[in-house]
Amino acid sequence: MRLALNAMSNTASFSQNINIEKKDKMEFINRCRRRVESTTKISQKLWNSQYKSPCYHREGTLHCLPYFLVIGFPKCGTTDLFERMKHHPEFIPSKMKELHWLSRYRFMPLFRRNSTVQLEKYSPDKPFGLHLYTQMFDELAATLETSDGHSHAITADFSPSTIWDNDVYSYINSFSVGPEYYTHDFVHQLNPCMKLVVMMRDPVERLDSFQVTHDCQRLYSDYLFINGQNTAHEFHKKVKHVVKLYKSCFKFKSPRECFQDFNLARKSKIRLRIGAYSVFIEEWLKVFPRDQLYFVRMEDYVSNTQKVLEDIFHFLDMDTVSEDVMKRMLHQKPSNTRQSRGISFEPMYNKTHKLLSQFYGPFNHNLSMLLQNKDYTWHET
């Protein structure tokens, strides 16, 4: 008899069903768990101190990890930030903007047609190792090895699933005895000094994309990402259904438990849980000190891009860029906009907007208290 391990939410376009023999299931779970607990930790004593980035030599070859992570959230400007940061002379981009290794692909193959990395054949008891992750930062390693003296070049992982997607970990935890481990625990174990950037926007607008950029382009949203050309009526039905699912769950479990329930996530027709930012941020703040996280509202990023970029560079201890470089950054065409994809659709109903606002209201309030900034209540008065 075979059991299917559906390790990711069905809302992800790359969901995979991995079959595992029943007798091998617990062994697989335990091996994955041990990976989280200890085996991929790199001693900081091995890191080469002449580099700003966490790099180390293995068998004569330099390998690098990202200096910082942009951990979320989806449809909140992470792609736009990635494209603008490419102009900074100290930033060496990874081979792909979104790697999703920390939250997903440690446990399954990465199916990417355009991937330049040769991936080993997947087997249930052999998750993709750290060496495959570091291959995505080979350009940084090559740059550092050819540089003279101390180099301040850095790279990053811009996977917006990192902060919220614990579906694989939740599956593993459900079959294990002992303390639970999640993505933030693994990241902290990998590098406790990691700097983290978190981008957010009004969670209702994140779903519907009514946010307008400085050149009047509306940003791509989950409404389009998940629903394609579906009508506002169909979208309202899905929102109503998923809100009911989670409210029923809240009667018996905490929001944290409900949002980490991978079976419940698979029943959801929209990614409603992602907009409950405070639930996920609280977990990361239990592991990382506040000064290692930089929070930015996309509304502020859109209205004053230069200031936010300068603040991020300061947070990352990067040099101030020249006036010409900043001009190139600001003139970069906005990424992931609806117009850039040639998409138009029917706006959500007012009643859908109200339903979502009521659902997210308590989480927005908690977020504003957590970050000591009332701007994170968005439309709440």
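Residues numbered from 1 in each chain as written. Predicted model: local features only at pLDDT ≥ 70, side-chain atom pairs only at ≥ 80, totals over all residues. Heavy atoms only, no water.

A few points about unusual backbone geometry
Residues other than glycine predominantly adopt negative phi, and peptide bonds predominantly adopt the trans conformation. The condition is simple: In this description a helix means any DSSP run of H or I spanning at least four residues, a strand means any run of E spanning at least two, and both kinds are numbered starting from the N terminus. Accessibility here uses a 1.4 Å probe with only protein chains present; expressed as a share of the type maximum, an area under 20% marks a residue as buried, one over 50% as exposed, and anything in between as partly exposed.
Omega for the peptide link from G72 to F73 comes to -5 degrees, which places this bond in the cis form. As for its position among the elements, F73 is in the loop between strand 5 (68-72) and helix 2 (78-85). In the Ramachandran plot, H100 falls in the positive-phi region, its phi being about 55 degrees despite a non-glycine side chain. Tracing the sequence through the fold places H100 in the loop between helix 2 and helix 3 (101-105). Classification of H100 as buried rests on a relative accessible area of 4%. For D317, which is not glycine, the phi torsion reads 55 degrees and is therefore positive. Examined against the element boundaries, D317 turns out to sit in the loop between helix 15 (305-315) and helix 16 (323-331).

Some words on the state of the cysteines
Applicable threshold: For the purposes of this analysis, a disulfide is any pair of cysteine sulfur atoms at a distance within 2.5 Å.
Applying the stated criterion across every chain yields a total of two disulfides. Disulfide pairing is shown between C55 and C64; the S-S distance is 2.1 Å. The sign of the 105 degrees torsion about the S-S bond sets the C55-C64 disulfide as right-handed. We note that C55, like C64, is buried. C249 shares a disulfide with C258; S-S distance 2.0 Å. Every disulfide takes its handedness from the sign of the S-S torsion; for C249 and C258 that torsion is -100 degrees, giving left-handed. Here C249 matches C258 in class, with each residue buried.

Points about a positive patch on the surface
For clarity, the threshold we go by: The residues that make up patches have over 30% relative accessible area and no salt bridge, and they are joined within 9 Å when like-charged or within 5 Å when they are Val, Leu, Ile, Met, Phe, Trp or Tyr. Each accessible area value is a Shrake-Rupley result obtained with a 1.4 Å probe; residue values ignore everything except the protein chains displayed when judging cover. What makes a salt bridge here is a side-chain nitrogen of Lys or Arg within 4 Å of a carboxyl oxygen of Asp or Glu, nothing more. Here the positive residues are Lys and Arg and the negative ones are Asp and Glu; neither His nor the chain ends is included. By convention, the charge on Lys lies at NZ, on Arg at CZ, on Asp at CG and on Glu at CD.
A surface patch of positive charge is lined by K240, K244, K251 and K351. Structurally, the position occupied by K351 is in helix 17 (residues 350-371).

Focus: the pattern of salt bridges
All chains considered together, the criterion is met by 13 salt bridges. We note a salt bridge from K95 to D138, for which the minimum N-O separation is 3.8 Å. Here K95 is found in the loop between helix 2 and helix 3, whereas its partner D138 is found in helix 5 (residues 138-145), with 43 residues between them in sequence. The class of K95 is partly exposed, set by a relative accessible area of 38%. For D138, a relative accessible area of 31% puts it in the partly exposed group. The salt bridge involving D261 is made with K253; its shortest N-O contact spans 3.7 Å.

With respect to the sheet that holds strand 7 (residues 195-200)
Strand-to-strand pairing in sheets goes through backbone hydrogen bonds, with the strands running parallel or antiparallel. Rules: The rule for pairing is simple: two strands pair if DSSP sees at least two bridges between them.
One open sheet accounts for four strands, arranged 6-5-7-8; its pairing is parallel. Two strands close off the open sheet at either side, each with one partner strand: strand 6 (156-157) and strand 8 (293-297). The pairing of strand 5 with strand 7 spans four bridges and is classified as parallel. The residue bridging L69 from the neighbouring strand is L196, located in strand 7.

Some remarks on the environment of D202
Filter applied, for reference: It only takes one pair of heavy atoms within 4.5 Å for two residues to be counted as in contact.
Secondary-structure assignment places D202 in the loop between strand 7 and helix 8 (203-208). With a relative accessible area of 3%, D202 lands in the buried category. Sequence-wise, D202 and Y360 are 158 residues apart; in three dimensions their C-alpha atoms are separated by 9.3 Å. Excluding residues that lie within four positions of it along the chain, D202 makes contacts with Y277, E299, W378 and H379.

A look at the nonpolar core
Short version of the rule: Residues belong to a common nonpolar core when they are buried Ala, Val, Leu, Ile, Met, Phe, Trp, Tyr or Cys residues joined through side-chain atoms within 4.5 Å.
In this structure, F68, F73, M200 and L272 are the most contacted members of the largest nonpolar core, which totals 91 residues. When residues in this core are grouped by element, the largest group, seven residues, is from helix 17. Beyond its immediate sequence surroundings of up to four residues, F73 is in contact with T78, P160, I163, W164, V198, M199, M200, I274, Y277, F280 and I281. Formed by nine residues, the second largest nonpolar core is a distinct cluster that contains Y51, I92, A141 and A153.

Description of helix 16
For clarity, the threshold we go by: Directions drawn from the helix axis to the C-beta atoms are what define this arc.
Within helix 16, the full set of buried residues consists of V325, M326 and M329. Here the buried residues of helix 16 occupy an arc of 100 degrees about the axis, which is enough to place them on one side. Among the exposed residues of helix 16, those oriented more than 90 degrees off its buried face are E323, D324 and H331. Packing partners of the buried residues in helix 16 comprise helix 2 and helix 15.

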